[in-house]
Amino acid sequence: MRTSIRTADLARISVFAALIAVLGLPGALNVFGNAVPITLQTLGVMLAGAVLGAWRGTLAVAVLLVLVAAGLPLLAGGRGGLGVFVGPSAGFLLGWLPGVALTGWLVERAGRSPGVVRLLAACLAGGVATIYLFGIPVQALVTGLPLGKAALLSAAFLPGDVAKAVVAAIVVRGTQRAYPDAVPAVRRERLRSGER
């Protein structure tokens, strides 16, 4: 199957890359001496996967990360440049890619009208668990902390990340009710049938 990107897809990818950047504007909050800040940007990652699906959601996150690597201050707290990819939060940032892909993949397979519970499960699996799976070991490596201590520090993120997953699931469900074409499974069916 030939994969191509339509202009409308490019627009959606760009909008979600911008949304993730905008969610960094409120800034970052470091708690309990943690070198990794709490931000709203993971909410954008969850939304990108759940609304755009695996492929387009991953492209949106990749676009943002490329712009950050190029030096644009698009991360919370005005951070940007290659230095963020070797700092304590590097694993969390790189975890955005498999996180958004898994969220999108799960939502694509949830059918034409996924409920809030399925959307929440997808956001928790991709937008929380997967990102932690990448982030915690890299944080431990960069900071020299034992893995258990890094995991304990990251537990401070958990209540906020669960709340973001709940918000993402509710927003996505409302969006899909208002605009059924926003359901990734509908998009996949159209691509398979040759519709544009």
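Residues numbered from 1 in each chain as written. Predicted model: local features only at pLDDT ≥ 70, side-chain atom pairs only at ≥ 80, totals over all residues. Heavy atoms only, no water.

Q: Explain the packing of aromatic side chains here, please?
A: The way to describe two aromatic rings as a pair is by their centre distance and the angle between their planes. Scanning the entire structure with this criterion turns up 2 aromatic pairs. Seen in terms of ring centroids, Phe92 and Phe157 are 5.8 Å apart; in terms of plane orientation they differ by 90°. Their pairing is edge-to-face. Placement of the pair is Phe92 in helix H3 (residues 90-108) and Phe157 in the loop between helix H5 (147-154) and helix H6 (158-178), with a sequence separation of 65 residues. The two residues Phe92 and Phe157 agree in class, both being buried. Each residue in the set Phe92, Tyr132 and Phe157 is aromatic and connected to the rest through ring pairs, giving one cluster. (Phe/Tyr/Trp six-rings, centres within 6.5 Å; stacked < 30°, edge-to-face > 60°. Helix = DSSP H or I, 4+ residues; strand = E, 2+ residues; numbered from the N terminus. Buried < 20%, exposed > 50% of the residue type's maximum accessible area, 1.4 Å probe, protein only.)

Q: I keep staring at the pattern of salt bridges and nothing clicks. Help me out?
A: Side-chain pairs of opposite charge can arise where the charged atoms are in close proximity. Applying the stated criterion to the full structure yields 5 salt bridges. Close ionic contact of Asp9 with Arg6 constitutes a salt bridge, the shortest N to O distance being 3.9 Å. Owing to a relative accessible area of 25%, Arg6 belongs among the partly exposed residues under this scheme. Of the charged contacts in the structure, one is a salt bridge between Arg109 and Glu108, with a shortest N-O distance of 3.1 Å. One network of salt bridges, with partners in common, ties together Arg6, Asp9, Arg12 and Arg56. (Salt bridge = Lys/Arg side-chain N within 4 Å of Asp/Glu carboxyl O.)

Q: I keep staring at a nonpolar patch on the surface and nothing clicks. Help me out?
A: Nonpolar side chains collect at one region of the surface, where Val116, Leu158, Val162, Val166 and Ile170 lie side by side and expose about 360 Å² of accessible area between them. Residue contributions to the nonpolar patch peak at 4 residues, all from H6. Take Val166: it is sitting in helix H6. The exposure class of Val166 is partly exposed, given its relative accessible area of 34%. (Patch = residues over 30% accessible without salt bridge, like charges linked within 9 Å, V, L, I, M, F, W, Y side chains within 5 Å. Areas by Shrake-Rupley, 256 points an atom, 1.4 Å probe, with all protein chains shown as cover.)

Q: So what exactly am I meant to see when it comes to the nonpolar core here?
A: Taken as a class, soluble globular proteins show a tendency for nonpolar side chains to be buried jointly. Core analysis: the biggest nonpolar cluster contains 41 residues, and Phe16, Ile20, Val45, Val61, Leu64, Leu93 and Trp96 have the highest contact counts within it. Elements supplying a minimum of two residues to this core: helix H1 (7-22), helix H2 (41-69), H3, helix H4 (116-143) and H6. For this core, the element with the highest residue contribution is H2, accounting for 13 residues. (Core = buried A, V, L, I, M, F, W, Y, C linked by side-chain atoms within 4.5 Å.)

Q: Explain the confidence of the model for the protein to me, please; I cannot follow it from the model alone.
A: Do not read the predicted coordinates in detail wherever pLDDT is low. Per-residue confidence for the protein gives a mean pLDDT of 89, with 90% of residues at or over 70. Mean pLDDT in the protein bottoms out at helix H7 (residues 184-192), which sits at 75, and peaks at H3, which reaches 97. (pLDDT = per-residue confidence, 0-100.)

Q: It is not clear to me how the packing of H2 against H6 should be interpreted in this structure. Could you clarify?
A: Relative placement of two packed helices is described by the angle separating their axes and the distance separating the axes. Two elements in contact, H2 and H6, have axes whose closest approach is 9 Å; the angle formed by their N-to-C orientations is 35°. Remark: the crossing between H2 and H6 carries right-handed chirality. Between H2 and H6, the residues in contact are Thr42, Leu43, Met46, Leu47, Ala50 and Val51 and Asp161, Lys164, Ala165, Val167, Ala168, Val171, Val172 and Gln176, respectively. Looking at the contact of H2 with H6 residue by residue, the classes come out as 10 nonpolar, 2 polar and 2 charged. (Axes fitted to C-alpha atoms, helices over the stretch in contact; angles between N-to-C directions. Left-handed = near helix turned anticlockwise from the far one by under 90°. Contact = heavy atoms within 4.5 Å. Nonpolar A, V, L, I, M, F, W, Y, C, P; charged D, E, K, R; others polar.)

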